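Fold and contact review
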Amino acid sequence: MPTAGSAHERGEASDASPEKMGRPKSGPTDVQASADTDPWLVIVDPQVIFADPDSQWGAPRFQEIVEPLRRLTTAFGDRVIVTRWVPPAQKQGSWIPYFEQFSFADQPADHHLFDLVPAAVELAAPHTISEPTFGKWGEQLRLLTGPTPHLVLTGVATDCCVLSTALPAVDAGAQVSVISDACAGSDDDNHQRALDAMALYAPQLFVVTSEQFLEGRAQN
């Protein structure tokens, strides 16, 4: 009988050929070359509740992403969308205990916690959408971008709303670029974990820096 466990677990060499192993995930430019549409810049939830360091949900490094966001916004012109998270008006299922735990966030949609921070307002993005879900890939975003766009994701928090937007978009057939230095996480470790998880979705999704993305855009 075969010895239990995989060849890797037994310390044996694998006899899998490169063809069996599949094509390596590589090349941040692949996603731009394969996208058949001009990309949209999506700035996820640059709101007081996520960006203010005094907020319970504040992303500590939000101020560090402001300059990359400015450069990207300039490059994208009128193809810039800002999103806002607002609590669901009717709490159902797991949202009920969620807001029992985080009652400070259970406020009307026009509460100041959900305002865009001044740095985001200054970007003067031509499109703003609000959703009662962490992920922003929904009907409002699709109406602007089309069903299978190339989304360039930035904003906060990397480990919640950015991640929750990226994966459903990929499932729907979108190409996604996540700009690592234009996203901020709940902390450094969670930011990196989220980037690492999303990088596994290549070649539908690539994690790149703003410099890498803008250089690639200039060459295309």
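This text goes with the structure placed above it.
Described below are features of the structure shown in this document. (Residues numbered from 1 in each chain as written. Predicted model: local features only at pLDDT ≥ 70, side-chain atom pairs only at ≥ 80, totals over all residues. Heavy atoms only, no water.)

The next point concerns the pairing of strand 6 (residues 205-208). As paired strands, strand 5 (residues 175-184) and strand 6 are joined by four bridges and run parallel to one another. The residue bridging Val178 from the neighbouring strand is Val207, located in strand 6. For the crossover that starts at strand 5, traverses helix 9 (residues 188-199) and ends in the parallel strand 6, the hand is right-handed. (Pairing = 2+ DSSP bridges. Helix = DSSP H or I, 4+ residues; strand = E, 2+ residues; numbered from the N terminus. Right-handed = clockwise from strand over helix to strand, strands pointing away.)

This paragraph deals with helix 4 (residues 62-76). Along its 15 residues, helix 4 runs 21 Å from first to last C-alpha, staying within 8% of the 21 Å computed at 1.5 Å per residue. At Pro68, helix 4 is bent by approximately 25°, the largest bend along its length. Count one or two residues on from helix 4 and you reach Gly77, which has phi positive near 60°. (Expected span 1.5 Å × (residues − 1). Bend = angle between axes of the 7 residues up to and from the residue.)

With that settled, consider the sheet that holds strand 5. With parallel pairing, six strands are arranged side by side in an open sheet as 3-2-1-4-5-6. Whereas interior strands pair on both sides, the edge strands pair on one side only; in this sheet they are strand 3 (127-131) and strand 6. If you compare each strand with its neighbour and ignore which way they point, the axes differ by 25° on average. Here strand 4 (residues 150-156) pairs with strand 5 via six bridges, running parallel. Bridge pairing links His150 to Gln175 in strand 5. The strands that helix 4 touches are strand 1 (40-44), strand 2 (80-85), strand 4 and strand 5; relative to strand 5, the one it contacts most, it runs at about 140°. Sheet contacts for helix 8 (residues 158-171): strand 1, strand 4, strand 5 and strand 6; angle to strand 4, the most-contacted strand, approximately 165°. (Axes fitted to C-alpha atoms, helices over the stretch in contact; angles between N-to-C directions. Contact = heavy atoms within 4.5 Å.)

By themselves, these figures tell us nothing about what the structure is for.
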